[in-house]
Amino acid sequence: MSELMSAISTVLSPSVILALMIGTVGGMFIGAMPGFSAVMGVSLLLPITFSMSPAAGLVMLVALYTSAIYGGSLTAILCSTPGTPASAATAIDGYPLTQQGRGMEAVGVATLASVFGGLVGAVALLTIAPQLGRLALKFSAIEYALVALFGLTVIGALAGENMMKGLCSGVIGILIGTIGADSLTGFPRFTFGSIYLEDGLQTAAAMIGLFSVAQVLNIAVNIYQGQTKIILGDGTGAKLKGIALPKGKELRELWPHMIRSSIIGTIVGIMPAAGSGVSSWINYSMGKKFAKHPELFGKGSFEGIACSEAGNNSACGGALVPLITLGVPGSGVTAILLGGMTIHGLVPGAEMFTTYADTTYTIMLGYLIANILFGVIGLLIAKHVAKVALVPMGYLGPIIIAIGTLGVYAIHSNFAEVVMMWAFGLVGYVMKKAGFAPSPMILGIVLSRIAEDNLRRAIVLSRGNMLTYILGRPISIVFIALCVISLFSPIFMKWVNKKSRG
Amino acid sequence: MKKIHQDVWCGVFLLALSAFGYFSSIDLAAKSPDSVVLPRLSLAVIAIFGILIVVDGIRKTRLAAGKGELPKQFFVWKEMKVPLKAFGFITAYIALFWCIGYMVATPIFMLAFMYHLKMRNWKVMILITVIFMAIVYFFFVGFLHVRLANLGAISTYLLN
C-alpha cells in the first residue's frame, strides 16, 4: 500500500506527467499513420528515454504503446486504412459508418471501447498481475497453437457475403504465411531463390497493400464515377456536431460486448505470440455471434467496432503482465520494453514488486492514466477528425499512398517490402472485384506461423503421444472445445433456427 | 464466344496456383518432409475450393444464359481502365522512389496523382504537398531518425 501511495506521488510529478502526455499524443499520431505501429513508435522513442528517469521513460513508452493501438482505429474508421494491424478489424465496420455520415460516432465508440478495454487491462495489471503471471507459466507450445487455431476458426465470421470465397482467402493467407525460412528446420519455402523472401512476407506490407493501396484504387474509381468525398451523397446528413457517441439503445447494446471483449483480450494478451492483433480478430468474430444485429457486421456495426477496439487495447495490459512478472516479452513491443527496462536498471520478475516496487507501480499507474488521457483527447477531437469524410478524396488518395509507403519502408529500410505492398495492393483490389474478402487473408498470414511452429513444437514435446499429452493439460482441452464450438456453432444455430421456424 | 462467369476463371486460377505450389515444393519435400506439411495441406484445400468455385461459376453461367443475361465478367476494360491507370501512377511512384529516393519522388507523385484524381486547385495541392513533406522531414527524419534522406539508386550509382 505504501508503495502504491509513493507511486501516486511519483506519477503526479511534472517530469512523469510531461512524459505521459508526450507518449500519449505521440502514440496516437504514430498509430494513426498506416505502416507505422506501436513497435516502431516504441523503438524510435526508446533512445530518447535514456536521459530520463526510469519512471518517466517507461511511463512514456507504455503510454505510447496503448495510445498507438488506439490511434490506429482513427484512420481505419475514416479512410479504411488501418494504422496498425490491430485495427484492421475496426476498418471493416468503421469505414462503412463513415460513408453513412456517422464517422464521428464511430470514432467515439472506438474511443470509448479502447478506454474501457485499456482500463480493464490496467486494473488487471495493478491488482492481479502476479496471479496472471503464474497463469502465463501454464501455457506451453500446444496452448499457443490452439489459440492460433481458434483464431483461424473465426475466419468464417470474416468471410463476408460469400463464405466459400472468404474461407479460401483465409487459406491463401495461411499459405502466404509459410513463405520464408522454416523456423524449425531453416529450409526456405517458396522463396524461389530470393533473399528478400527469406524472412517471409511482412504483415505490415501485406496489410497496407490489401487495405490502403486497394482502397486508393477504389477511390480513383469513385472519383471518376462522380463521388468526390468519402461520405456518400452530398454529406448534409452527416453527424458532425454534438456528442461523439451514438445514443440510447445503440450505446447500451455496446456494454456487454466491451465487457466480454476486455476480459478475453486481457487473457489473450497474457499469452506470448498472441497480442492485440489476434485479440481484435477473435473478439470481432465472437461479437458477431453474440450481436443483437449480426447482419450489420461488415456494413457498419458499432458492436463490431466496440468488440475489436476493447479487445485490442485490453490485450496491451495483458501483454505487460508476463513482461513485468516474469520478464517474458510476449510481443515485439514488449520485447523492446524489456530492453528499455533493462537499460534503466530494472530487473523484470519478482523484484519488480519488491526492490523496484515504486517504479513498477508508477509504470502501471501511468499506463492506467494514459488510457484515460487518450480517451479524453479522442472524444474531444472526434468531431474534427471525422471531417476527413468531407475532404475531397483526390487529396486523400495520394496522402494515403505516401504515408503507407513511408510506413512500410521505415520498418526495415527495405525497398523489397515496398514492392510487396505494391503487389498486395493489386491483389487486394482484384480480390475485392472477384468477391474474395481480404480480412481472412490477413488473419491467415498472422496466425499461420504461430499455429504451425507451436504445433510442431508440441508434437516434439509430446514425444509421439499427442493424445495423452493434450489430455493431461486442462487448458488445452478448453481450447479444443472452443475451436469445436467456434467451427460448428454456425451450423448448429442454423439448424436450431430452422427447427424453431418449422 | 459464349461468355463465362468470372468465378470459373477464379477457380481455374486457384487450381493453377495449387498445382504450381505443389510442384514448387517437390524439392523441399525430399529434403525436409516436415516443412511441406502445412503448405501442401493449404494447397490441397485451395484446390478443393478452386473446384467448388469453378462448379459454382458454371452454375452461374448457365443461370445467366437461362435468363438471357450476360454473366459477371472478370476483366472488362471499361471497368478496369480507371483503377489500372491509378495503379500505373503508384507503380511509377515506386519506381521513382527506387531511382531518386523518397524525399524527391513523393512530392512529384503527390502533385501528379492529385491532378489525375481531378484536383485542379494548384494552391491547395502545393500547400498539402509542402506541409506533408515538412512533417515527414522534421518529424520522421529529424526527430525519429527514419532513414529517408538518401537519394535513391541513381545517386548511389553516380557517387560510386
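The structure contained in this document is the topic of the report that follows. Predicted model, so just to flag it, every value in this text is computed and none were measured.

A separate point is the state of the cysteines. Summed over the entire model, instances satisfying the criterion amount to zero disulfides over all chains. With no disulfide partner, Cys-168 of chain A has as its closest neighbouring cysteine sulfur the one in Cys-10 of chain B, 9.4 Å distant. The structure places no disulfide on Cys-316 of chain A, whose sulfur is separated from the nearest cysteine sulfur, that of Cys-307 of chain A, by 17 Å. Looking at Cys-316 of chain A, the relative accessible area reads 0%, which means it is buried.

Over its 15 residues, helix α8 (residues 163-177) of chain A runs 21 Å from end to end, which matches the ideal 21 Å to within 8%, given 1.5 Å per residue. In terms of burial, α8 of chain A is a largely internal element, twelve of the 15 residues being buried. Turning to α8 of chain A, its buried residues are Lys-165, Gly-166, Cys-168, Ser-169, Gly-170, Val-171, Ile-172, Gly-173, Ile-174, Leu-175, Ile-176 and Gly-177 of chain A. At its buried positions, α8 of chain A is contacted by α7 (141-153), α17 (415-434) and α18 (439-462) of chain A together with α1 (6-24) and α3 (37-67) of chain B.

Enumeration according to the criterion identifies 19 aromatic pairs over all chains in this entry. Both rings, one in Tyr-409 of chain A and one in Phe-97 of chain B, keep their centres 5.0 Å apart while their planes meet at 70°; by these two values the pair is edge-to-face. One end of the pair, Tyr-409 of chain A, is in helix α16 (residues 393-412); the other, Phe-97 of chain B, is in helix α4 (residues 77-100), on a second chain. With respect to burial, Tyr-409 of chain A and Phe-97 of chain B carry one shared label: buried. Considering the side-chain rings of Trp-422 of chain A and Phe-87 of chain B, the 5.3 Å spacing of their centres and the 20° angle between planes classify their relative orientation as stacked. Of the two residues, Trp-422 of chain A sits in helix α17 while Phe-87 of chain B sits in helix α4, which places them in two different chains. Overall, Phe-87 of chain B belongs to the buried group, its relative accessible area being 8%. Grouped by ring-pair contacts, the aromatic residues Tyr-409 and Phe-415 of chain A together with Phe-97 and Tyr-102 of chain B constitute a single cluster. For Arg-120 of chain B, the ring lying beneath its charged end belongs to Tyr-115 of chain B, and the centroid distance is 3.8 Å.

Attention now moves to the environment of Met-421 of chain A. By the secondary structure assignment, Met-421 of chain A is in helix α17. Residue class for Met-421 of chain A comes out buried when judged on its relative accessible area of 1%. Distance from Met-421 of chain A to Gly-209 of chain A, taken between C-alpha atoms, is 4.4 Å for residues 212 residues apart in sequence. In this structure, Met-421 of chain A is in contact with Ala-205, Ile-208, Gly-209, Val-213, Gly-404, Thr-405 and Val-408 of chain A together with Ile-94 of chain B, ignoring residues within four places of it in sequence.

About the cut-offs
Residues numbered from 1 in each chain as written. Chains lettered and ligands numbered in written order. Predicted model: local features only at pLDDT ≥ 70, side-chain atom pairs only at ≥ 80, totals over all residues. Heavy atoms only, no water. Disulfide = S-S within 2.5 Å. Buried < 20%, exposed > 50% of the residue type's maximum accessible area, 1.4 Å probe, protein only. Helix = DSSP H or I, 4+ residues; strand = E, 2+ residues; numbered from the N terminus. Expected span 1.5 Å × (residues − 1). Contact = heavy atoms within 4.5 Å. Phe/Tyr/Trp six-rings, centres within 6.5 Å; stacked < 30°, edge-to-face > 60°. Lys NZ or Arg CZ within 6 Å of the ring centre and 35° of its normal.

By themselves, these are just geometric observations and shouldn't be taken as functional.
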